[in-house]
Amino acid sequence: MRFQKLLVTAFAFAAAGVAHAFVPQTGTWVVTSELDGKPGRGLAIDVQNDVFVMQMYAYESNGHPTFYLATGRLANDQVSAPLIRYAGGRFLGSGAQSGQEAGNAGIARFRFTSGVTGFVTLPGESEKAISRFNFGYAFVASSLRGIWNLTSMGSLGLTSEVINLTQSGGSTSTGNGLMATSDGLFGCEHQVSGGLAGTVLCVRINSQGQVQRGYQFVYSVNEGEGYLLNANGSYTNQLVTVRRLTTPATVGTGIVFKEGEQAATNLSLLEQTLDAIAREAAAAQ
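Residues numbered from 1 in each chain as written. Predicted model: local features only at pLDDT ≥ 70, side-chain atom pairs only at ≥ 80, totals over all residues. Heavy atoms only, no water.

In this section: the pattern of salt bridges. One pass over the structure, following the stated rule, counts 9 salt bridges. Residues Glu-125 and Arg-41 are paired through a salt bridge, measuring 2.7 Å at the closest nitrogen-oxygen approach. Of this pair, Glu-125 sits in the loop between β7 (117-121) and β8 (128-132) while Arg-41 is found in the loop between β1 (27-31) and β2 (42-48), placing the two residues 84 residues apart along the sequence. A relative accessible area of 27% places Glu-125 in the partly exposed class. Note that Glu-161 and Arg-204 form a salt bridge whose closest N and O atoms lie 3.0 Å from each other. Taken together, the positions of Glu-161 in strand β10 (residues 157-165) and Arg-204 in strand β14 (residues 200-205) put the pair 43 residues apart, joining distant regions of the chain. Looking at Glu-161, the relative accessible area reads 11%, which means it is buried. The exposure class of Arg-204 is buried, given its relative accessible area of 17%. Residues participating in the shared-partner salt-bridge network are Glu-34, Arg-41, Glu-125 and Lys-128. (Salt bridge = Lys/Arg side-chain N within 4 Å of Asp/Glu carboxyl O. Helix = DSSP H or I, 4+ residues; strand = E, 2+ residues; numbered from the N terminus. Buried < 20%, exposed > 50% of the residue type's maximum accessible area, 1.4 Å probe, protein only.)

Let's shift gears to unusual backbone geometry. Positive phi values are uncommon outside glycine, yet Asn-49 reaches one of about 60°. Mapped onto the elements, Asn-49 comes out in the loop between β2 and β3 (51-59). Overall, the relative accessible area of 70% leaves Asn-49 in the exposed class. The phi angle at Val-221 is positive, at roughly 60°, despite the residue not being glycine. Looking at the element boundaries, Val-221 is found in the loop between β15 (211-220) and β16 (223-229). The exposure class of Val-221 is buried, given its relative accessible area of 17%.

By themselves, these observations are geometric and do not establish any function.
In structure tokens, the structure reads:
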């Protein structure tokens with residue numbers, strides 16, 4: 001797909017001069033082949049700068065649950081680290097006590113093919129595909145509801161716009177339902193068929209219905225990447241990064257500001273001004 005080839009080029013451009021092209025998205029990961037809706041193994045992955053931390057919950061040969069910790073340095077999209085098992089720590093209702101290392105299972109090797117996909121080789125096992133586990137956002141129109149920031153960078157400069165998708169609409173021939181801004185001039189839709197299947201396509205039009213620009217991107221949970229389209233619907237060399245600012249329920253996705261917790265706006269000056277204008281207008285009648 002042309003879109004995928006463009007993404008590879010853009011990611012290489014954006015990553016020039018850094019140790020790796022991308023970092024794994026923080027969150028819950030799974031061995032893809034083991035994702036069957038039943039209890040199993042899982043990986044909690046976090047990368048800060050180039051420091052890689054992975055916590056794995058699994059089982060002993062006798063069926064007892066256990067967990068492991070692996071830490072290492074991520075370079076060139078790969079990391080190898082000892083898989084350390086721990087035991088003897090606090091349990092529910094216990095007093096203070098610290099866990100201790102209970103053995104080294106061997107070396108765990110990871111290689112990532114994107115921010116949400118990769119492969120792991122665990123001690124005693126063959127290499128297996130892993131992926132970020134998306135359990136909160138189905139590939140449906142309603143999951144696009146909320147406030148989004150789309151930032152474009154490249155030869156055309158740096159641009160950014162924030163849009164609030166609040167209005168639902170019908171489905172196009174290749175999508176599964178439109179989500180649009182309240183003025184009806186910006187809309188996005190999951191593509192479920194055709195050459196763009198698996199991506200999100202957005203377009204901005206003016207009041208006469210003329211296309212101003214478009215976006216095509218892939219996203220996972222709260223973050224995405226893609227390309228800017230020009231008024232003719234053609235790809236540009238502008239890489240687009242996407243960030244979800246609120247959930248469909250208007251809850252903020254940041255670390256400080258949340259719906260209902262922001263300070264109330266001081267409207268006293270506006271009220272005074274309106275009062276003065278009203279009195280002047282009444283006196284002039």
